[in-house]
Amino acid sequence: MSLSVGRILAAADFSETSDKAFDYALSLAKVFEAEVVVLHVLQEPILYQAETAQKYRDAFERKMQDKLDAMLHRHTCEGVKVTTVMKPGAPFVEIIQFAQDENVDLIVLGTHGHGPIQHMLMGSVAEKVVRKAKCPVLVVRPDQNQFVSA
């Protein structure tokens, strides 16, 4: 059996664990000569006035794009094709849908390691992605050791 990884989806929420997951995605992309797509899902609060909502949405999207750009600048992406995408919606739904629509071979995302009560109330994006994704998923924990490629 040969393993082929051409596209890696790195889910980004701008947390420290998300940064670690992006490092994993880059390392794997170098090994497999794959491209990395960084996906940030926009979770916007509900606004009631359409004009105010559009102004807010535009400013919010610019701010999130700036955060994506800053994240790319903090990492060594040399030799890896990296693109960024932002989509509005529920994170686990959009991650799974994007992976299916874009023929992603591997999803890499971080988990926050919330306690059992918060997990019970909110659920885990990572857990839902692992359960429902049609491709392999690598979950990076906040306290996990980094692997080093030689």
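From a predicted model like this one, the values you see are computed outputs, not experimental measurements.

Draft legend 1. Representation of the side chain of Arg7. Topologically, Arg7 is positioned in strand β1 (residues 7-11). At 3.3 Å, the side chain of Arg7 forms a polar contact with the side chain of Glu35. Residues contacting Arg7, with those up to four places away along its chain left out, are Ala34, Glu35, Val37, Glu102, Asn103, Val104, Asp105 and Leu106.

Draft legend 2. Here's a closer look at the pairing of strand β4 (residues 106-110). Counting buried positions along β4 yields five of five residues, so the element is predominantly enclosed. Neither face of β4 is open: one carries Leu106, Val108 and Gly110, the other Ile107 and Leu109, and all of them are buried.

Draft legend 3. Layout of the sheet that holds β4. On the basis of which strands lie adjacent, the open sheet formed by five strands has the order β3-β2-β1-β4-β5 and parallel pairing. Strands at the two margins of the open sheet, each flanked by one partner only, are β3 (82-88) and β5 (137-140). Across this sheet, the average inter-strand angle for adjacent strands is 20°, counted without regard to direction. Relative to β3, strand β2 (residues 35-42) is paired through seven bridges, and the arrangement is parallel. When the bridges of β3 are listed, Val36 appears paired with Val82. Contacting β1, β2, β3 and β4, helix α3 (residues 91-101) runs over the sheet at an angle of about 150° to β2.

Draft legend 4. Looking closely at the packing of α3 against helix α5 (residues 125-132). At their nearest, the axes of α3 and α5 sit 9 Å apart, and the two run at 35° to each other. In the crossing of α3 with α5, the sense of the turn from one axis to the other is right-handed. The segment α3 lies against α5, with Pro91, Phe92, Ile95 and Ile96 engaging Val125, Lys128, Val129 and Lys132. Residue composition of the contact of α3 with α5, by class: six nonpolar, no polar and two charged.

Draft legend 5. The environment of Phe92, seen in detail. Note that Phe92 resides in helix α3. Each C-alpha atom, one on Phe92 and one on Val125, is 5.2 Å from the other, the two residues being 33 residues apart in sequence. Residues contacting Phe92, with those up to four places away along its chain left out, are Val125, Lys128, Val129 and Lys132.

Draft legend 6. Here's a closer look at the nonpolar core. Core analysis: the biggest nonpolar cluster contains 23 residues, and Ile8, Phe22, Leu26, Val36, Val38, Val82 and Val108 have the highest contact counts within it. Taken together, the elements giving at least two residues each to this core come down to β1, α1 (16-32), β2, α2 (50-74) and β4. Those residues within four positions of Val82 in sequence are excluded, and the remaining contacts are Phe22, Leu26, Val36, Val38, Leu72 and Cys77.

Rules used throughout
- Residues numbered from 1 in each chain as written.
- Predicted model: local features only at pLDDT ≥ 70, side-chain atom pairs only at ≥ 80, totals over all residues.
- Heavy atoms only, no water.
- Helix = DSSP H or I, 4+ residues; strand = E, 2+ residues; numbered from the N terminus.
- Polar contact = N/O pair within 3.5 Å; in protein donor to acceptor, adjacent residues only side chain to side chain.
- Contact = heavy atoms within 4.5 Å.
- Buried < 20%, exposed > 50% of the residue type's maximum accessible area, 1.4 Å probe, protein only.
- Pairing = 2+ DSSP bridges.
- Axes fitted to C-alpha atoms, helices over the stretch in contact; angles between N-to-C directions.
- Left-handed = near helix turned anticlockwise from the far one by under 90°.
- Nonpolar A, V, L, I, M, F, W, Y, C, P; charged D, E, K, R; others polar.
- Core = buried A, V, L, I, M, F, W, Y, C linked by side-chain atoms within 4.5 Å.

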